[in-house]
Amino acid sequence: YADTVSNEINSNIKRIGGDKDTIRYWAKFYYTNPYRFGNIALTEKSLRGDKCALTYLVQFVENEEPSMLNIWNWVEDGRDFLVRYMKHKQIIGGDKRKWSNGSVNSNYRMIRAFFNFVSHNVEGYPMGILNKMPFAKSETITETFTPLEMVKVKQFMEDYADGEEWCWFIPILHTLLETGCRVSEVCSLRINNLEPIERKISIIGKGKKKRFLYLK
């Protein structure tokens, strides 16, 4: 009984919290810090995207559910709240327009990565509180293949996935189809391009422009 009371007191203290227990505090730290893990610097474009996503989120929380400014309230209620937030953006809209499924997924990935970052920097904060949420994806456009051709490609991948002749090529083909990357981009991928904490892959395209592919 004493342990239960103690745990409840500690939980309530965290929920009351201070400035360092707010998403406003951690969001600013997050999008102004290019070195989040190790010595790898994020691009200005990536930081701007994170700032935009988190600014929208903080504004909504302040106006609609101020209690969710506290990061500890997200541990139990964050998933349900995020669903309400995304529905609002798709039904009511953002500053300019209603969000598409693609916008929802893009913002979800950035918010999820943000809370995973918080878990690495706040003692006792659980990891992965927003992982694997079922938001609908944008429909993949495959104009280069007819439906019959896609069936043939999928059958080829199934038939030769374990064969010695083509087993090396199947993962490359799968990556090409799933990401829409150029052949040269996929062939130039290296293990250093993978950022497992933020669940994304950095791609260097034409003109050495850097962009990110986000993993499920």
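Residues numbered from 1 in each chain as written. Predicted model: local features only at pLDDT ≥ 70, side-chain atom pairs only at ≥ 80, totals over all residues. Heavy atoms only, no water.

1. Describing the overall build of the protein chain
Thinking step 1. Per the secondary structure count, the protein chain includes 8 helices and 3 strands.
Thinking step 2. The order of α-helices and β-strands along the protein chain, N terminus first, is α-α-α-α-α-α-α-α-β-β-β.
Thinking step 3. Counting only residues that meet the buried cut, the protein chain has 34% of its 216 residues in that class.
Thinking step 4. Carbon and sulfur atoms make up 54% of the accessible area of the protein chain, which amounts to about 14,100 Å² in all. (Helix = DSSP H or I, 4+ residues; strand = E, 2+ residues; numbered from the N terminus. Buried < 20%, exposed > 50% of the residue type's maximum accessible area, 1.4 Å probe, protein only. Areas by Shrake-Rupley, 256 points an atom, 1.4 Å probe, with all protein chains shown as cover.)

2. Concerning the pattern of salt bridges
Thinking step 1. The full count for this structure, using the stated rule, is 4 salt bridges.
Thinking step 2. Ionic pairing is found between Asp50 and Arg36, a salt bridge with its closest N-O pair at 2.7 Å. Taken together, the residues span a long stretch of sequence, with Asp50 in helix α3 (residues 44–64) and Arg36 in the loop between α2 (23–31) and α3 at a distance of 14 residues. The residues Asp50 and Arg36 share a single accessibility class, namely buried.
Thinking step 3. Glu185 is the partner of Arg182 in a salt bridge, and the nearest nitrogen-oxygen pair spans 2.9 Å. (Salt bridge = Lys/Arg side-chain N within 4 Å of Asp/Glu carboxyl O.)

3. Regarding the packing of α3 against helix α5 (residues 101–121)
Thinking step 1. Remark: α3 packs on α5, axes separated minimally by 9 Å, with the N-to-C direction vectors making an angle of 90°. In this view, α3 runs roughly perpendicular relative to α5, as classed from their interaxial angle. From α3, Gly49, Asp50, Ala53, Leu54 and Leu57 reach across to α5, where they touch Asn107, Met110, Ile111 and Phe114.
Thinking step 2. Class assignment for the residues of the contact of α3 with α5 results in 6 nonpolar, 2 polar and 1 charged. (Axes fitted to C-alpha atoms, helices over the stretch in contact; angles between N-to-C directions. Parallel < 35°, antiparallel > 145°, perpendicular 65-115°, else oblique. Contact = heavy atoms within 4.5 Å. Nonpolar A, V, L, I, M, F, W, Y, C, P; charged D, E, K, R; others polar.)

4. Quick word on the confidence of the model for the protein chain
Caution applies to low-pLDDT parts of the model: their predicted coordinates are not meant to be read in detail.
Thinking step 1. Taken as a whole, the protein chain shows an average pLDDT of 84; of its residues, 86% reach a score of 70 or greater.
Thinking step 2. Confidence drops under pLDDT 50 across residues 11–17; counting only partners more than four residues distant or on other chains, this segment forms 8 contacts. (pLDDT = per-residue confidence, 0-100.)

5. Focus: the environment of Lys132
Thinking step 1. Relative to the helices and strands, Lys132 resides in the loop between α5 and α6 (147–160).
Thinking step 2. Lys132 gets classed as exposed once you look at its relative accessible area, which sits at 79%.
Thinking step 3. C-alpha of Lys132 to C-alpha of Arg109: the two residues are 23 residues apart in sequence and 10.0 Å apart in space.
Thinking step 4. Filtering out sequence-adjacent residues up to four positions away, Lys132 remains in contact with Arg79 and Tyr108.

6. Quick word on the sheet that holds strand β2 (residues 200–204)
Thinking step 1. The sheet built from 3 strands is open, its strands ordered β1-β2-β3 with antiparallel pairing. The two strands at the open ends of the sheet, each matched to only one other strand, are β1 (194–195) and β3 (210–214).
Thinking step 2. Pairing of β2 with β3, which is carried by 5 bridges, proceeds in the antiparallel orientation. Among the inter-strand pairings, Ile203 is bridged to a residue of β3, identified as Arg211. (Pairing = 2+ DSSP bridges.)

7. As for α2
Thinking step 1. Along α2, the residues that are buried comprise Ile23, Trp26, Ala27, Tyr30 and Tyr31. Considered in projection along α2, the buried side chains sweep an arc of 120° and stay on one side of the axis.
Thinking step 2. On its buried face, α2 is in contact with α3, α4 (74–91) and α5. (Arc of directions from axis to C-beta.)

8. So, the packing of aromatic side chains
Thinking step 1. Enumeration over the complete set of coordinates arrives at 19 aromatic pairs.
Thinking step 2. Between Tyr25 and Trp26, the aromatic rings sit 5.2 Å apart at their centres with planes inclined by 90°, giving edge-to-face as the arrangement.
Thinking step 3. A cation sits over an aromatic face here: Arg36 above Tyr30, 3.5 Å from the ring centre. (Phe/Tyr/Trp six-rings, centres within 6.5 Å; stacked < 30°, edge-to-face > 60°. Lys NZ or Arg CZ within 6 Å of the ring centre and 35° of its normal.)

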